[in-house]
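Here is how the chains run, residue by residue.
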Amino acid sequence: MKKTVLFVLALCLCFTAFSAVFAEGDTGEAAENDMILNDGTPWVDWSLRENMSQIGEKPDSPKDDFYLRTNYDWLKSTEIAPGQIYSSPFIDVETEVGRLCLEALKDTTLKSEDAAQAQYLYNAFLDWDARNALGVEPLQKTINRISAVSTLDELTRMLCDKEYAGEKLFEADVQVNYSEPDTWITDIQPIDLLLDDSAEYRERTEQGNYFEAVYREFMPRMLEKLGYSTEEADGMLTRTFALEAELADSIMTSAEEYESDFYQRLSKQMSRAEAETLCSALPWLEMLDGQGYAGAQRYQVEQPAYLQKLDGIYREERLEDLKNYLIVSTVYDHMKILDRESFDLYNDIRNSKYGIEGSLPDEERACQEVRSNLPKQTDCAFFEKYDPTKMKADITRICEEVIDCYRKMLREEDWLAEETRAKAIEKLDKMRITAVCPDKHPDYSGLSLEGLGYYDCIREIKRYKARFSESLVDQPRDPDLWYCTLGEDWVNDILTTNAMYSPELNEIIILRGILGDAIYREDMNS
């Protein structure tokens, strides 16, 4: 068998077969003390660029630092490529897949409409002459619209307008229904925070201070391009961090997102009538209706406390705070689709936050952005160039063999209660295998980019994806349509270097993007 692929599958299945079983069956003894480090020494990720440069002598014993001792020679000899945070076999696979994807985007012999759209966006990204000629003008129109708002009613009307191109006060999309995975549901989430983790606003760490310093160094330069003074820009950032701090108390921390009951805590569903009682001042349902979700019958409000917190802020006397937040977040969100200077400032923020040195070549970055914005079209172009038939059959067979192995193990283990054994086997029997590429893709045939510059391409793609999401509201989920091909947050596209288990769908997912280099080759021995 392909050992690395098997290892990934084994990890997925370990969580799969037992995740929903022990709550009702064998619980075992509490292992709370097993999670405590004896000496409290923080774990160091030596694969990060900054840490690799500080590696000294090889530890005498694995007990001193198991990872560093085991990988010492590799860490000392490895160079991290420009534009990357760290190095690993996964990065090597990601680089290989990225190279193949770039070749597909450059291949003018591909004939499909999907390939043509992906290639059009790729070339539009690289057309710096056109992008520089526009400068910040496309964004300026949106910023001027936000600035012109003078009452809370005007703000509501703007946030209800489908043509409003700026950021919102909450995120809305169509997601798999966590309680009924065979259907889609309108899903509501909090905003993304500048400091990434809401815990940073409750008890600031060195990292949080550093992240804020990065924004304060680079964002004023972007805001100045839009007509604000340095003093005004600094004040706008202060105001934004203050508003986010107010909201952060109602947003899950990164640590909470890794807790075992995470999905159960997100499954806060309510009818239209129930949703209407959630807030008294914030017209969030009106905003949803205006954005295209008027037909929704049920809502999956992942963190209701966030909307209730926002409800307390959505007042006339807080209008300037709300406008300020929308301006800053909109500017940050749009930087990388504007001119060269704005794009480079965005990269400066990203590189400084995450310790990246240098930048990827423009062609590679263009490939990444096309994959992010047109995942379905990029995937189809990739598979038009590289036939996945053999790989799909091979990986499906491996998955089936691993499942058979687990089924045999479950039947033979004598420590399992019969009820637990039966439920675990039932879960294995119903498991869906999603390997390499789907047989069916979303229909984006109505999307047209012809004649548009890069900024307008991204705007049109967002509009089209919004209309596509609206068509799914409260509809049955097509099991042959891969969840990940819809561009959801948890995986970007089929070429993402990842493999995973979806608990809400009971589905093992082995993406094409993880199958390369040291992890998988078609000529590997069984």
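Computed from a predicted structure; not experimentally measured.

Please set out the overall build of the chain residue by residue, giving values where relevant.
In terms of regular secondary structure, the chain is built from 23 helices and seven strands. Here the chain, with 526 residues, has 50% of them falling under the buried criterion. A fraction of 73% describes how many contacts in the chain between residues 6 or more apart in sequence connect residues 24 or more apart. Summed over all atoms, the accessible surface of the chain reaches about 25700 Å², with 49% contributed by carbon and sulfur.

Account for helix α8 (residues 137-148), naming residues and giving values.
Counted at 1.5 Å a residue, the expected span for α8 with its twelve residues is 16 Å, and the 16 Å between its end C-alpha atoms agrees. Within α8, burial applies to P138, L139, T142, I143 and I146. The buried residues of α8 occupy an angular sector of 130 degrees when the element is viewed end-on, so they sit on one face. Facing away from the buried side of α8, by more than 90 degrees, are the exposed residues K141 and A148.

For the nonpolar core, give the residues involved together with the corresponding values.
In terms of nonpolar packing, the biggest core is built from 132 residues, with L155, W284, L307, V331 and I395 touching the most fellow members. With seven residues, the next largest nonpolar core counts W46, I55, Y72 and I80 among its residues.

Account for the confidence of the model for the chain, naming residues and giving values.
Should pLDDT be low for a region, the predicted coordinates there are not to be read in detail. With 89% of its residues at a pLDDT of 70 or more, the chain shows a mean pLDDT of 87. Segment residues 1-38 is flagged for pLDDT under 50; beyond a separation of four residues in sequence, or across chains, it makes 59 contacts in the model. In the model, residues 485-491 has pLDDT below 50 throughout and makes 23 contacts with residues more than four positions away in sequence or in other chains.

Talk me through the sheet that holds strand β7 (residues 507-511); I want residue IDs and the actual numbers.
The strand order across the open sheet built from three strands is β5-β7-β6, with neighbouring strands paired in mixed fashion. A single partner strand is all that each edge strand has here, and the edge strands are β5 (432-436) and β6 (499-502). The average angle at which neighbouring strand axes cross in this sheet is 10 degrees, direction not considered. Across five bridges, β5 lies against β7 in parallel orientation. Pairing of R432 across the sheet is with E507, part of β7. Helix α21 (residues 389-412) contacts β5 and β7 of the sheet and is inclined by roughly 145 degrees relative to β5.

How would you explain the side chain of R407 if you had to name every residue and give the values?
Positionally, R407 belongs in helix α21. Here the side chain of R407 touches D404 through a polar contact of 2.7 Å, side chain to side chain. Residues in contact with R407, not counting those within four places in the same chain, are I425, L428 and D429.

Go over the packing of helix α11 (residues 206-225) against helix α12 (residues 230-248), please, and point to the residues and values.
Axis separation between α11 and α12 bottoms out at 9 Å; the angle between their running directions is 130 degrees. Taken together, α11 and α12 sit at an angle that is classed as oblique. Judged by the sense of rotation from one axis to the other, the crossing of α11 with α12 is right-handed. When α11 is examined against α12, the residues E212, Y215, R216, M219, P220, L223 and E224 are found in contact with a partner set consisting of T230, A233, D234, M236, L237, T238 and F241.

Any details on the sheet that holds strand β2 (residues 184-189)? Residues and values, ideally.
In space, the four strands of this open sheet follow the order β1-β2-β4-β3, with mixed pairing throughout. Looking at the sheet topology across the chains shown, the edges are occupied by β1 (171-176) and β3 (269-271). In this sheet, neighbouring strand axes are inclined to one another by 35 degrees on average, regardless of whether the strands run parallel or antiparallel. Bridge count for β3 against strand β4 (residues 298-301) is three bridges, and the pairing is antiparallel. The partner of S271 across the bridge, within β4, is R298.

So what about the state of the cysteines? Which residues, and what values?
Disulfides are covalent bonds that connect the sulfur atoms of two cysteines. All chains considered together, the criterion is met by zero disulfides. Sulfur of C367: no disulfide; nearest cysteine sulfur belongs to C101 and is 3.4 Å away.

Describe helix α17 (residues 319-334), listing the residues and the values that go with them.
Given a rise of 1.5 Å per residue, 16 residues ought to cover 22 Å, and the 22 Å separating the end C-alpha atoms of α17 matches this to within 8%. Most of α17 sits inside the fold, with 13 of its 16 residues counted as buried.

Which residues make up the packing of aromatic side chains, and what values do they have?
Taken as a whole, this structure holds 14 aromatic pairs when the rule is applied. Centroid distance F382 to F383: 5.5 Å. Interplanar angle 85 degrees. Geometry classified as edge-to-face. Across the pair, exposure class does not vary: F382 and F383 are buried alike. Between Y444 and Y464, the aromatic rings sit 5.5 Å apart at their centres with planes inclined by 80 degrees, giving edge-to-face as the arrangement. Here Y444, found in the loop between β5 and α23 (454-472), pairs with Y464, found in helix α23; they are 20 residues apart in sequence, far enough to count as distant. Taking relative accessible area as the criterion, Y444 reaches 4% and is therefore assigned buried. Taken together, the ring pairs connect F125, W128, F343 and Y454 into an aromatic cluster. For the cation-ring pair, R340 lies above W128, with the distance from its terminal atom to the ring centre recorded as 4.4 Å. One cation-aromatic arrangement involves K353 over F211; the distance from NZ or CZ to the ring centre is 4.7 Å.

Criteria and thresholds
Residues numbered from 1 in each chain as written. Predicted model: local features only at pLDDT ≥ 70, side-chain atom pairs only at ≥ 80, totals over all residues. Heavy atoms only, no water. Helix = DSSP H or I, 4+ residues; strand = E, 2+ residues; numbered from the N terminus. Buried < 20%, exposed > 50% of the residue type's maximum accessible area, 1.4 Å probe, protein only. Contact = heavy atoms within 4.5 Å. Areas by Shrake-Rupley, 256 points an atom, 1.4 Å probe, with all protein chains shown as cover. Expected span 1.5 Å × (residues − 1). Arc of directions from axis to C-beta. Core = buried A, V, L, I, M, F, W, Y, C linked by side-chain atoms within 4.5 Å. pLDDT = per-residue confidence, 0-100. Pairing = 2+ DSSP bridges. Axes fitted to C-alpha atoms, helices over the stretch in contact; angles between N-to-C directions. Polar contact = N/O pair within 3.5 Å; in protein donor to acceptor, adjacent residues only side chain to side chain. Parallel < 35°, antiparallel > 145°, perpendicular 65-115°, else oblique. Left-handed = near helix turned anticlockwise from the far one by under 90°. Disulfide = S-S within 2.5 Å. Phe/Tyr/Trp six-rings, centres within 6.5 Å; stacked < 30°, edge-to-face > 60°. Lys NZ or Arg CZ within 6 Å of the ring centre and 35° of its normal.

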